[in-house]
Structures are given as C-alpha cells and as structure tokens.
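Residue-level structural notes
One letter stands for each residue in the lines below.
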Amino acid sequence: MSTDILKGKKGIIFGALNEMSIAWKVAQKAHEQGAQFVLTNAPIAMRMGEINKLAEETNSEIIPADATSVEDLENLITKAQEILGGKLDFILHSIGMSPNVRKKKHYTDINYEWYKTTLDVSATSLHKTLAIAKKQDAINDWGSVVALTYIAAQRIFPDYGDMADAKSLLESITRSFGYHYGVDKKVRINTISQSPTVTTAGSGVGGFDKFISYAEKMSPLGNASAEACADYCIAMFSDLTKYVTMQNLYHDGGFSATGVTNDIMDMM
Ligand code: NAI
C-alpha cells in the first residue's frame, strides 16, 4: 500500500543482487512510496544482469561502483545527483562480503589480505561513501543513511567469522560519522540489525539453515523477513524518524533481548 511517504525524495540504493536481496525489496518499496533513486552494485555483480529487471520495474538508472573504490564512489555520487536532478535524501548501504567466510577460513586462522578485503567491502565502504557525500555536500539536511548489520557485532556467533569484526566497525563508523555529519548538516546515520535472512550473502555463512531455525525459535515474534526489513528502512528514510541518529536499531523479532524461550527449553 502506498502512502507516498517518500514522495519527492531522491536516493542511492547499494546492494540489490537478486530478488532475495534485502536491497531489492527496499528498492521496490521506495518506488512504491514515491521515491526516485539510482541503483548501484559492484561491476562484477552486474554481469548476472538481474538488476536490469529491478531498474525497469522501479524506473531507475544503474551506476556500477565497486564500493571499495573512492574513484567509483565519487563518480557514483556525482552522477546520481545529475540523474536525479538534485541532492540526495537517502542512501542504503546493503553490502557485505568476506573472502575468509566464503573460503571457510577459521576465525583463528584467517588470511590477513582477505581480512582487509572483508573490512573494506563491508565497513570502510560506508566511511568512504559518507566522506565523499560530505565533501560534495551531496545530502540534503535531515537526509538519512541506513546500513545493514548483524548482532554478531555484539555477540559471538562462531561461523560468522571475520564478518563480526566488519559489522562492529560498520556500527562504530555509523556513530562517529553520525556525530560529525549530524552537527554539520543534520544528516542522520543508523544501522539496522536484521534477523538472519535467506539471501545470497546470508546463505554463505556456515550452518545457516540450522541457525535460521534457532533464531526463529529464539525470537518471540519469529525472524523478521526481508520485506519487513525493507519497511523499516523506508520508515528510517522518511521524515517520521527525523531525530533518530547514530543508533544500532534491532529488527529481529525480539531476539536481541531474549535469554531463552520455551521452544528452546523444550528441545533440551
Ligand atoms: P546479498 O548477497 O543480496 O547482498 C550483498 C550485496 O553486497 C550484493 O549485492 C553484492 O553484490 C554487494 N557487494 C559485495 N561486494 C561489493 C563491492 N565490492 N562493491 C559493491 N557492492 C558489493 O545479501 P543481503 O543479505 O541482502 O545483504 C545485504 C546486507 O544485509 C549485508 O550488509 C548483510 O551483511 C546484511 N545482513 C544480512 C543478513 C542475512 O542473514 N542475510 C542478516 C543481517 C544483516
């Protein structure tokens, strides 16, 4: 149902790879709510071509950018403003990738070159995006930036590997940059900490099937879906959440506040 909650707002959506991607759902809902935006992803991810369907459906253009490349990001932010005809109101950072997790390197024996890549792709890319946006003065006052994170930043989930470190850094950048961008331009920056969700990135984590059932049973409301996550992102981009900034917002059906549930106790 459209209430045009984002009418007139312009943005950039990172990370829509296929129909399962959380960013894909955010793009569909942002379009439904009257926003205009540019879609972006790593050039290599675009070879699969699925993003073209989303661009057509949401009447948006695609600008390829490797989120680790300052040059690509500068080009993206400049071009997005040209295409959209003005400054941005929202950015979704929905990017994560760990070569160590992909190649099943144990956390205690990681490859440090890959570790740099994990941190660069999954966390530093947010800093780079914000720094370039700030230098170009590309975001309107009260604009909203959301990055997606996971509770492994606060608690150990053994198979999440070095992505846990990346998510901690991502949340720290959110606070630190949120302060500076807030003071200077009233731009707000938050992370949404989402339930485990069946997507390409999610399914790369070892034992994901078992883990998703565990989280389901450990969450009073059950796991939050990708669609519900997209709804929360839309709310965060809207003017109804203007004074929320520098927060890590749990969107997890209550998982983060639960010690144990009867469902889990019954299984013991
Ligand atoms: P996804 O696999 O659909 O999205 C990850 C995206 O990152 C892909 O579009 C991929 O192309 C992009 N990406 C990777 N390297 C890149 C680079 N160098 N430059 C630009 N883009 C790059 O999976 P999903 O689950 O939608 O992931 C989105 C975000 O949600 C990630 O930050 C992930 O960590 C986070 N998240 C996912 C959860 C899950 O269980 N699926 C749970 C909590 C958070």
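Nothing here was measured: the structure is a model prediction, and the numbers come from that model. (Residues numbered from 1 in each chain as written. Predicted model: local features only at pLDDT ≥ 70, side-chain atom pairs only at ≥ 80, totals over all residues. Heavy atoms only, no water.)

**Focus on the pattern of salt bridges**
Convention followed: Salt bridges, as used here, are contacts in which a Lys or Arg side-chain nitrogen is within 4 Å of a carboxyl oxygen on Asp or Glu. Elements are defined by DSSP. Helices are runs of H or I of four residues or more, strands are runs of E of two residues or more, and each kind is numbered from the N terminus. Only protein chains enter the calculation, and the probe is 1.4 Å; a residue is then buried if its accessible area is under 20% of its type maximum, exposed if over 50%, and partly exposed in between.
Counted according to the given criterion, the structure contains 10 salt bridges. For Lys-87, the salt bridge is made with Asp-137, and the minimal N-O distance between the two is 3.2 Å. Linking Lys-87 in the loop between α4 (70–84) and β4 (88–93) with Asp-137 in the loop between α6 (112–135) and β5 (139–149), this pair joins segments that are 50 residues apart in sequence. Residue classification places Lys-87 among the partly exposed positions, given a relative accessible area of 31%. Linking Asp-120 and Lys-128 is a salt bridge whose minimum nitrogen-to-oxygen distance equals 2.9 Å. Looking at Lys-128, the relative accessible area reads 17%, which means it is buried. When salt bridges with common partners are traced through the structure, they connect Lys-87, Asp-137 and Lys-185 into a single cluster.

**Topic: empty space enclosed by the protein**
Defined as follows: Only protein atoms enter the 1 Å grid used here, on which a cavity is any set of points holding a 1.4 Å probe that cannot leave and a pocket is any open set flanked by protein within 12 Å on both sides along at least five of seven lines; residues with an atom within 4 Å of a point are listed as lining. Grid points are joined across faces, edges and corners, and a volume is the space filled by probe spheres set on the points. We call Asp, Glu, Lys and Arg charged. Ala, Val, Leu, Ile, Met, Phe, Trp, Tyr, Cys and Pro are nonpolar, and the rest, Gly among them, are polar.
Evaluation of the coordinates by the stated rule reveals two cavities of 30 Å³ or more. Of the pockets and cavities examined, the largest cavity occupies roughly 60 Å³. Lining the largest cavity, in full, are Tyr-150, Ile-151, Ser-193, Gln-194, Ser-195, Pro-196, Phe-211, Ala-215, Ser-219, Asn-223, Asp-252 and Phe-255. Contributing elements (two or more residues each) for the lining of the largest cavity: β6 (188–194) and α9 (208–217). Grouping the constituent residues of the lining of the largest cavity by class yields six nonpolar, five polar and one charged. Taken as a whole, the second largest cavity holds about 40 Å³ of empty space. In this structure, the second largest cavity is lined by Ala-16, Leu-17, Asn-41, Ala-45, Met-46, Met-48, Gly-49, Glu-50 and Ile-51. The residue inventory of the lining of the second largest cavity, partitioned by class, reads six nonpolar, two polar and one charged.

**Comments concerning the pairing of β4**
Basically, it comes down to this: DSSP-based pairing: two strands are paired if at least 2 bridges between them are found.
Across the six residues of β4, six count as buried, placing the element largely inside the fold. As judged from the three bridges shared by strand β1 (residues 10–14) and β4, these two strands associate in the parallel manner. Looking at the pairing, Ile-12 lines up with Ile-91 of β4. Note that β4 and β5 share five bridges and pair parallel.

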